[in-house]
Amino acid sequence: MTAETLAHLIKDSNRTVVLTGAGMSTESGIPDFRSSTGLWQNIDPRIVASTESLQKNYEQFREFYQMRITALVNCKPHQGHLILADFEKRGLVSLIATQNVDQLHQQAGSKNVAELHGNIVSIRCQKCGKPHGKEQFLNYSICTYCSGKLRPNVVLFGETLPTEAWERTLHEIHEADLVIVIGTSLEVYPVNQMPSMSKGKLVYINREQTSTSLHYSFDLVLEGSAGEILADVHRELGDFKKL
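Below is a summary of the structure that appears in this document. None of the values given here were measured: they were computed from a predicted structure.

**What to know about the sheet that holds strand β4 (residues 118–125)**
- With antiparallel pairing, three strands are arranged side by side in an open sheet as β5-β4-β6. Each edge of the sheet is formed by a strand with only one pairing partner; in this case those strands are β5 (131–132) and β6 (150–154).
- Looking at chain direction, β4 and β6 are connected through four bridges and run antiparallel. When the bridges of β6 are listed, G118 appears paired with V154.
- Helix α5 (residues 58–71) rests against β4 and β6 of the sheet, and its axis sits at about 55 degrees to β6.

Structural data, given as structure tokens:
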């Protein structure tokens, strides 16, 4: 089955939700986590990306996230991000729920984005919660209100997902006629439960099927580059819109 099949599914759907993971961002030059070359191959996430690390090993925690924030400077949305933003403008996508923390969907122009794992672009104080500038975190500053530790607004290991983003996504998934899962291994709980919560058609786009994804009953599986597959779907849809 081809991109033409997905284009027909999108045309027939009254509400389409897109769920994206790290594989969506790798084409913009951002490393993923769980592949053979991913970040977690060389770094234990429990050491650098956990609540325990924030409290007990703050210097290492801060250095890890300073590195990730700095690495984003030269990363831009790719054609897949731009196409999803265009689909939203044309009434073809109602929500993008993402596990990614880079805000590339928003940079591409998407307005309806639920950040299931937060983001590393905005900074807050761990102690009092007051927002701070990214530069303050990069410059080793402490909270200007209470002298607490600064941190990105990302969901760490040991924290729960943001309630608003989670509930909004669940509502849209339940109501969706079509859910398109892009670039995720579906190994991270609880987001990996979301596809099974939909009564609509399920589509999986990834460079390869994973052992976890094989457990889901996808109606359509497209293997390859997210950007290239979405470009093919974009061409198939032409100027079709639902506004």
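**Quick look at the nonpolar core**
- Of all hydrophobic cores here, the largest spans 26 residues; its most connected members are L6, I10, F87, I180, I182, I205 and V233.
- Listing elements by their share of this core, those giving two or more residues are α1 (3–12), α6 (79–89), β7 (178–182), β8 (201–206), β9 (220–223) and α10 (226–237).
- Sort the elements by how many residues they give to this core and α10 lands first, with six residues.
- Residues contacting I182, with those up to four places away along its chain left out, are V18, L19, T20, G21, M24, L84, I205, A226 and L230.
- Counting 22 residues, the second-largest nonpolar core is a separate cluster that includes A97, L161, L202 and F218.

Procedures and definitions
Residues numbered from 1 in each chain as written. Predicted model: local features only at pLDDT ≥ 70, side-chain atom pairs only at ≥ 80, totals over all residues. Heavy atoms only, no water. Pairing = 2+ DSSP bridges. Helix = DSSP H or I, 4+ residues; strand = E, 2+ residues; numbered from the N terminus. Contact = heavy atoms within 4.5 Å. Axes fitted to C-alpha atoms, helices over the stretch in contact; angles between N-to-C directions. Core = buried A, V, L, I, M, F, W, Y, C linked by side-chain atoms within 4.5 Å. Buried < 20%, exposed > 50% of the residue type's maximum accessible area, 1.4 Å probe, protein only.

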